[in-house]
Amino acid sequence: GVAYLAGQVGAEGETVTAQTRAILAKVDVLLEQIGSDKTKLLTAQIWVANIATDFADMNTVWDSWVTPGHAPARWTGEAKLATPGFKVEIIITAAV
């Protein structure tokens, strides 16, 4: 009954906004493949490369994507990501 999605990243070099949109589009596809959707999110762990410059853009995209009334427990932190071109990584846990 629970799906654990590994960290999803966007294309290197794109903006924080573009990477976040791409990541959330991947999350939609992955959730659909397992018979779930974004109304069943349990947690979201979001890492940004620079919280001072990246958080607001990422959060704007996130807020427009998440279904009102179905926002999961979420935490966001700053981390050095796998490569310098990655600006956002999102890890999702969802009910199936």
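Residues numbered from 1 in each chain as written. Predicted model: local features only at pLDDT ≥ 70, side-chain atom pairs only at ≥ 80, totals over all residues. Heavy atoms only, no water.

## Focus on the environment of Ala6
And then number 1: Mapped onto the secondary structure, Ala6 falls in strand β1 (residues 2-9).
And then number 2: Since its relative accessible area comes to 53%, Ala6 is described here as exposed.
And then number 3: The sequence separation of Ala6 and Val29 amounts to 23 residues, and the corresponding C-alpha distance is 14 Å. (Helix = DSSP H or I, 4+ residues; strand = E, 2+ residues; numbered from the N terminus. Buried < 20%, exposed > 50% of the residue type's maximum accessible area, 1.4 Å probe, protein only.)

## Considering helix α1 (residues 16-33)
And then number 1: Compared with the 26 Å implied by 1.5 Å per residue over 18 residues, the 26 Å span of α1 between its first and last C-alpha is a close match.
And then number 2: Taken together, the buried positions of α1 are Val16, Gln19, Thr20, Ile23, Leu24, Val27 and Leu31. When α1 is viewed along its axis, its buried side chains cluster within an angular range of 125 degrees and face the same direction. The outward face of α1, more than 90 degrees from its buried face, is lined by the exposed residues Arg21, Glu32 and Gln33.
And then number 3: Where α1 is buried, its residues contact β1, β2 (41-48), α2 (51-65) and β4 (88-95). (Expected span 1.5 Å × (residues − 1). Arc of directions from axis to C-beta. Contact = heavy atoms within 4.5 Å.)

## Remarks on α2
And then number 1: Given a rise of 1.5 Å per residue, 15 residues ought to cover 21 Å, and the 20 Å separating the end C-alpha atoms of α2 matches this to within 8%.
And then number 2: When we look at burial in α2, the residues that qualify are Asp54, Met58, Asn59, Val61, Trp62 and Trp65. All buried residues of α2 fall inside an arc of 170 degrees around its axis, so they share one side. Residues of α2 that are exposed and angled more than 90 degrees away from the buried face: Ala52, Thr53, Thr60 and Ser64.
And then number 3: Looking at the buried positions of α2, the neighbouring elements they touch are α1, β2, β3 (73-78) and β4.
And then number 4: Measuring from the backbone nitrogen of Ala52 back to the side-chain oxygen at the start of α2 gives 3.0 Å, which picks out Asn50 as the cap. (Polar contact = N/O pair within 3.5 Å; in protein donor to acceptor, adjacent residues only side chain to side chain.)

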